[in-house]
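In case you want the letters, here they are:
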Amino acid sequence: MARILITSAIPYINGIKHLGNLVGSQLPADLYARYMRQRGHEVLFLCATDEHGTPAELAAAKAGKPVAEYCAEMWATQKALSDGFRLSFDKFGRSSSVQNRALTQHFAGKLDDNGLIEEVTESQVYSHADGRFLPDRYIEGTCPNCGYEHARGDQCENCTKQLDPTDLINPRSAISGSTDLEVRETKHLYLKQRSLRGQLSDWIDSKTDWPVLTTSIAKKWLNDGDGLQDRGITRDLDWGVPVMKGTAPWPGMEGKVFYVWFDAPIEYIACAKEWTDADGRPDAEWERWWRTDKGADDVRYVQFMGKDNVPFHTLSFPATLIGSGEPWKMVDYIKSFNYLNYDGGQFSTSQGRGVFMDQALEILPADYWRWWLLSHAPENSDSEFTWENFQASVNKDLADVLGNFVSRVTKFCRSKFGTDVPDGGAWGDDEAALIARLETGLRAYETHMEAMEVRKAAGELRALWVAGNEYLQSAAPWAVFKEDPARAAAIVRLALNLIRLYAVISRPFIPDASAAMLAAMKTEDDGWPDDLAAALGVLEVGHSFDVPDVLFAKISDEERDTWAERFSGVRD
RNA sequence: GGGCCUGUAGCUCAAUUGGUUAGAGCAGAGCGCUCAUAACGCUUUGGUUGGGGGUUCAAGUCCCUCCGGGCCUACCA
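Residues numbered from 1 in each chain as written. Chains lettered and ligands numbered in written order. Predicted model: local features only at pLDDT ≥ 70, side-chain atom pairs only at ≥ 80, totals over all residues. Heavy atoms only, no water.

(A) Region of interest: the state of the cysteines. By the definition in use, this model includes zero disulfides. Free cysteine C71: the closest other cysteine sulfur is in C47, separated by 15 Å. (Disulfide = S-S within 2.5 Å.)

(B) Spatial organisation of the environment of T215. Relative to the helices and strands, T215 resides in helix α6 (residues 212-223). Taking the relative accessible area as the measure of exposure, T215 reaches 14% and is therefore buried. When sequence neighbours within four positions are dropped, the list of residues in contact with T215 reads K207 and W210. (Helix = DSSP H or I, 4+ residues; strand = E, 2+ residues; numbered from the N terminus. Buried < 20%, exposed > 50% of the residue type's maximum accessible area, 1.4 Å probe, protein only. Contact = heavy atoms within 4.5 Å.)

(C) Structural context of the protein's contact with RNA strand B. With respect to spatial proximity, 55 residues lie near RNA strand B, and among them Q124, Q346, N404, K411 and R455 are the closest. Each atom of RNA strand B within 4 Å of the protein was classed as base or backbone; sugar and phosphate made up 68%. Between K456 and RNA strand B, the recorded distance is 3.4 Å, taken from a side-chain N or O atom to a phosphate oxygen. Measuring from a base nitrogen of RNA strand B, one finds a backbone N or O atom of F552 at 2.7 Å. When residues of the surface near RNA strand B are traced back to their parent elements, those giving at least two are α2 (54-63), β4 (117-127), α6, α7 (260-277), α12 (387-417) and α14 (454-475). Broken down by element, the residue count for the surface near RNA strand B peaks at 10 residues, all from α12. Of the residues assigned to the surface near RNA strand B, the class counts are 17 nonpolar, 18 polar and 20 charged. (Near = heavy atom within 4 Å. Polar contact = N/O pair within 3.5 Å; in protein donor to acceptor, adjacent residues only side chain to side chain. Nonpolar A, V, L, I, M, F, W, Y, C, P; charged D, E, K, R; others polar.)

(D) A look at the packing of aromatic side chains. Taken as a whole and judged by the stated rule, the model has 29 aromatic pairs. Seen in terms of ring centroids, F89 and F92 are 5.5 Å apart; in terms of plane orientation they differ by 15 degrees. Their pairing is stacked. Of the two residues, F89 and F92, neither departs from the other in class, the shared state being buried. Ring pairs connect the aromatic residues Y342, W369, W372, F385, W387, F390, W563 and F567, which therefore count as one cluster. A cation sits over an aromatic face here: R3 above W289, 4.6 Å from the ring centre. It is R281 that lies over the ring of W275; its NZ or CZ is 4.3 Å from the centre. (Phe/Tyr/Trp six-rings, centres within 6.5 Å; stacked < 30°, edge-to-face > 60°. Lys NZ or Arg CZ within 6 Å of the ring centre and 35° of its normal.)

Function cannot be inferred from these measures alone, as they are strictly geometric.
Here's what the structure looks like:
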């Protein structure tokens, strides 16, 4: 039995996430966590909300609430939605937790002890009307290069020229529109990543099994131009982890907080402490996952994230861990995803374009979304959601191939033998062929799941469902029954067992339907089918079952069209 | 501007890293079955692998070039 630590990129707090966010990290992470648990491994699956930073402050202001209150409410909302999607986190924490505050301050102190922190005085734009320093991209003005009037302080979206906020003509606050701006000097802490470049580079080079998407981004940052740059890890904001040197004050840094990208990944660790603290358990129980000197040396750590998060997970966070000089567990594998597009364009939070997590659950059960999203996960390139494709895939795969299989088997049995597993007959060539087919397919499925090849795993699972229908067609119990009812009973007995088998192996993808199938078969035996012949005999002669309700109702053309219309524009 | 990824059947995607005739699912066509959610099974049509050029005994795969899509470029997260 292995020990597997799994983290999903932590979603930002400023709103409800859309399906593109979901499929890019949390959902595939959940698939992997569920599968590994089923295979008997010890899994710790962590996620949290990422709560600090300017966008959170602005979202709270827009909602007319104190930022702490806003974040608490949004955390509860996101938690409810992750439950709704059956995301099986062992702990869904908060980056604003006291645990993360302490740990973030601890890391900063250690980095300073090791000579890796430098104080830098720099110039920042301050907005009197907004009462805050403005990040570069929150300053708007006319591009000096092309004359575009809505250029941002970091880059002009029109001509793509990189800018400095002071380059802008007629600069104004993108928040309030105020032109009452002033360049002020302010002091910040920088993490001297340059001095860790060699160690980071060696570490990345040792990861030969990582996806190209992951390593190429990391190497770009390591080697491009002058190489890896030092990075500011503090900000002039109210909402965040106060800058402290461990538990001691940091002279000159009063009133400042750590940069959200410094404290957010540390929450992966702090979340584990939130997990044990919630039950009053000792620190040793989370440290055995995170400290290689306290039992974590045999842990395999896998991270899931969208491609935009890669630099922070391959360089910034590892720099924090390495620079601390302490034996923290480093990531072993990064599974990164491309983006899911929506019907010819991008999902857009600001424009309300696409389907958001709350809306998705309003119109259909979680399993429908889980199946489609995972079987179309954007692993090798961006992929696209269309209502036509969604309807066709879900109806065919879930309703026709799997759902109808359960229906036809249970109803046939009820009409000919009643609702107990029937006695009589024996297995023959059809059964041998089926078992051989399942053996091949199931081992391929296991291989893909181990390798986190999500789409391939989905395809193989579906093929296993199809194999059940092929078997029925070949064995034809409805025809055999007329001449040889005992033989028909043997076929039906196996088919009923196949339903239980499908429930077990399908659970990582469609946990609710899996539970419904097990409930209908009136069994709690959900052991993994290492021995297929044995697994197909678990439900014995005389075992009672129910004919379940339709597992997956089909999506009608009318529903499809209604939803396509509803989600095309502004969020209601 | 620079870097990276990507373009394969009407649609969504494969192709053991240069090796037989480029494969699946869906959609389409035909046949079969009648237990089942008008479901299932079998067979089948469909491709100048974005265009052009090159290397090689051999190219979807490597090189050059052009065209299209996407991402990143360090103060959004």
